[in-house]
Amino acid sequence: MRIPPSYVLKRIGFLVAVLFTAATINFLIPKLAPRDPVQELINQRIASGGLTSEGAAEFRDSLRTLYGLDKPLWQQYLTYIWNTMRFDLGYSIVDYPQRVSTIIGQTVFWTLGFVFTSTILAFLLGTVVGALVGWSKTSKWFSWLMPPLAMFSAIPGFILALVLIYYLAFKAQLFPLRGGYSATIDKDWSNPQFLLDVLHHALLPGLSMLLVSLGGWALGMRSMMVTVEGQDYITFAEAKGLRGSRIFFRYALRNTLLPQVTSLAMQLGLIVSGATLVESIFSYPGIGNRLGGAIRALDYPLIYGIVFFLIVGIALATLIVDLIYPFLDPRISYSGG
Amino acid sequence: MTEPVLQVKNLKVYYYVEAGAVKAVDDVSFDLDFGVKMGLVGESGSGKSTMALALMRMIRPPGKIESGQMILDGMDLVKLSEEKMRQIRLRKLAMIPQGAMNALNPVMRIDRQLVDGMLDHGVVMSKEEREARVGQLLEMVDLAPKVAKMYPHELSGGMQQRVTVAQSISMEPDVIIADEPTSALDVVIQRQVMDTINRLQQRLGLSIILIGHDMGLMAQSVDRLAVMYAGKMMEIGETRAMFRSPLHPYTRLLIESLPVLENKGVFSGIPGITPSLLNPPEGCVFHTRCPKAWDLCREKIPEFAEVQPGRWVACHLHTA
């Protein structure tokens, strides 16, 4: 199948519209908070004795000028849009003079590492379990898997994370309590010792993400499997004397995977933001934790930068789903819609 | 006389629900001879589709083949293992499904669907042989070769039904069960598909069980007719003889309910509704609607007996 250029252009146009709208909302919402991040930063500096009250006024004015906070809102907005369009995300207020793009670059891989892995694992495991439970010709024992999975999916991730920390990290001391790596070890990616340490730290946050999302995949898959099993083409496939495995994989699973893959792509777009609370609880050096910190400090450029990054992720995931879906389901064509 | 290709003896298929056993097929017997096309008619809920599924051994829980025999090629299908039965399907006993619009896998091209049935029955084919076989099958059902590379949604209902017909003959089975193969199609397409099935039947020497409720269609296309009512066989005989002189009052009513052009605007149906299969009436199941019912009909189940050569009926009028 060929993708018509007009379709791609249309989708990209749609993507730009989404980005623009989302970026605008992204700009306005933090501005609603009745706080002054610059003043807060200065108060902090004064409290820690790093700044005298005489120098404070001057410092505040220079910071305001630097971040353009002295200008009217509409001017700030235009500057923001213009900079965002050029992917110039500016400097963090709290971590001045760090660039926002640098902070994103440093944190995003930590998040991708454990969230991506746990999302893919949850998708694969959940889909397989759901398919086996939903298909009537498999062992009835599989259905015993559902209640615990449903229970885990009903518990919010951050609660489960706290429970896991308490029992596995605090009581049993099997896992570290917090962080992405031990402070006692050199941060050297070529050192296998360090890699193992990173893995050890990522296991618990990953496990809490995995357990929480596993049930959703399994439940969704099971209900789709039950629906598909009642379809005429399954009955006819059986009347054709096909092997059970072929009916299961080629006829049932192949058809149920369509909606499942859509959800996966959407989930991958949300990957970074989905872990914000879990990362905060584990003090994980990921992008979600960083976003939480930025919101608490009202670090405008950092919030804008990270959220915009997330929006781009979701929009790209949507675009990819739109483009690959006709390959997965021949009934959907590029021409319509 | 040659042995029939398929013999059904005292077949009972029950569905077990909370309120008890629903006797969807109750003590049904018939023979199907080589090369014969037999129609199986009855109202909705008479057990004809259950009959089709039972012959394919595809009754799902809570349904169960309670007892009886289905002898095909010397084997009792009721007793076969699941895997043996799978090998019988399509190779000896094939089905043309009811709803052609949903009978094909929506995400698979037609050629692959036609081929996978053959592959799972141990047919080894090279790529060229597959293409040739698919082309041949499509041609046999009057479909263009380009259909091979199409998806089901790109075909009309009639074309999809032709694909299922092609599928059913792909292993050259002895018996084909066609479960209302044309009920979802308009009359013109219905006619064409039936012509195709008839032609293939003669060409390949198939025996066909054609299930349906359309007495008019049956009159035109089948050699023998079997009439079911409330899970029981009422009458079996040669189609012409049945239409000329129906023995069972139910058969007579079915034939009389066919609209006649001269009596425009007048419909004669059969008053009443089919009885509950959970608690069928005592005696003959049809006595509640039968214009000729008498005392015996309310007390004793009529025996299904051969009253003339090749003519079977379950009615006290003819057997008592």
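Description of the structure in this document. What you see as residue numbers is a count from 1 along each chain, following the sequence as written. Each chain gets a letter, beginning with A, and each ligand a number, beginning with 1, in the order they are written. Side-chain atom pairs in this predicted model are given and counted only at pLDDT of 80 or more, local residue features only at pLDDT of at least 70, and totals for whole chains, interfaces and linings cover all residues. Each side-chain value is derived from all of the structure's non-hydrogen atoms; neither hydrogens nor water enter the calculation.

**Regarding the pairing of strand E9 (residues 224-229) of chain B**
Residues and elements named next belong to chain B.
Part 1 of the reasoning: Between buried and exposed lies partly exposed: a residue is buried under 20% and exposed over 50% of the maximum accessible area for its type, with that area taken using a 1.4 Å probe on protein chains only. To qualify as a helix, a DSSP run of H or I must reach at least 4 residues; to qualify as a strand, a run of E must reach at least 2; elements of each kind are numbered from the N terminus. Among the 6 residues that make up E9, 6 are buried, leaving the element largely enclosed by the rest of the structure.
Part 2 of the reasoning: The alternating pattern of E9 places Arg224, Ala226 and Met228 on one face and Leu225, Val227 and Tyr229 on the opposite face, and all of these are buried.
Part 3 of the reasoning: Any two strands between which DSSP finds at least two bridges are classified as paired. Here 4 bridges tie strand E3 (residues 37-41) to E9, and the two strands are oriented parallel to one another. Within the sheet, the bridge partner assigned to methionine 38 lies in E9 and is arginine 224.
Part 4 of the reasoning: For E9 and strand E10 (residues 232-238), the ladder comprises 6 bridges, and the chain directions are antiparallel. Each residue of the ladder has a partner; that of methionine 228, found in E10, is methionine 233.
Part 5 of the reasoning: Once E9 ends, the chain turns through 2 residues before running back antiparallel as E10, passing alanine 230 with a positive phi of about 50°.

**Concerning the pattern of salt bridges**
Side chains that differ in charge, positive against negative, can pair when their charged atoms come close.
Part 1 of the reasoning: Each reported salt bridge corresponds to a side-chain nitrogen of Lys or Arg within 4 Å of a carboxyl oxygen of Asp or Glu. A complete count under the given rule lists 26 salt bridges over all chains for this structure.
Part 2 of the reasoning: Here arginine 243 of chain A ties to aspartate 120 of chain B by a salt bridge, and the two come within 3.6 Å at their closest N and O atoms. A residue pair is termed interchain when its members come from two chains, as with arginine 243 of chain A in the loop between helix H9 (232-239) and helix H10 (244-269) and aspartate 120 of chain B in the loop between helix H3 (110-119) and helix H4 (127-140).
Part 3 of the reasoning: Here arginine 243 of chain A falls in the partly exposed class, since its relative accessible area comes to 37%.
Part 4 of the reasoning: Residues glutamate 82 of chain B and arginine 57 of chain B are paired through a salt bridge, measuring 3.5 Å at the closest nitrogen-oxygen approach.

**Thoughts on a nonpolar patch on the surface**
Residues and elements named next belong to chain A.
Part 1 of the reasoning: A patch consists of residues whose relative accessible area exceeds 30% and which take part in no salt bridge; residues with like charges are grouped when within 9 Å of each other, and nonpolar side chains (Val, Leu, Ile, Met, Phe, Trp, Tyr) when within 5 Å. In short, Shrake-Rupley with a 1.4 Å probe defines the accessible areas, and a residue's cover is counted only from the protein chains shown. On the surface, Phe158, Ile159, Val163, Tyr166, Tyr167, Phe170, Leu177 and Leu277 cluster together into a nonpolar patch covering about 760 Å² of accessible area.
Part 2 of the reasoning: Of all the elements, helix H7 (residues 157-171) adds the most residues to the nonpolar patch, at 6 residues.
Part 3 of the reasoning: Tracing the chain through its elements places isoleucine 159 in helix H7.

**Here we look at the interface of chain B and chain A**
Part 1 of the reasoning: Of the residues lining the interface, 28 residues belong to chain B; the matching set on chain A comes to 21 residues.
Part 2 of the reasoning: Between chain B and chain A lies a buried interface of about 2,300 Å² when both sides are counted; carbon and sulfur atoms form 56% of it.
Part 3 of the reasoning: Area buried by chain B at its contact with chain A is led by Pro106, Val107 and Asp120 of chain B, which between them contribute 25% of it.
Part 4 of the reasoning: For the pair chain B and chain A, the interface holds 4 salt bridges.
Part 5 of the reasoning: What qualifies as a polar contact is a pair of N or O atoms within 3.5 Å, subject to a donor-acceptor requirement within protein and to the restriction that residues adjacent in sequence count only when both atoms come from side chains. At the boundary of chain B with chain A, the tally comes to 11 residue pairs in polar contact (both at pLDDT 80 or more).
Part 6 of the reasoning: Residue assignment for the side of chain B that touches chain A shows that the elements contributing at least two residues are helix H2 (82-88), H3 and helix H5 (157-169) of chain B.
Part 7 of the reasoning: Residue contributions to the side of chain B that touches chain A peak at 5 residues, all from H3 of chain B. Only heavy atoms enter the contact rule, under which two residues are in contact if any of them lie within 4.5 Å. Take the accessible area each of two parts loses on contact, using a 1.4 Å probe, and add the two losses: that sum is the buried area.

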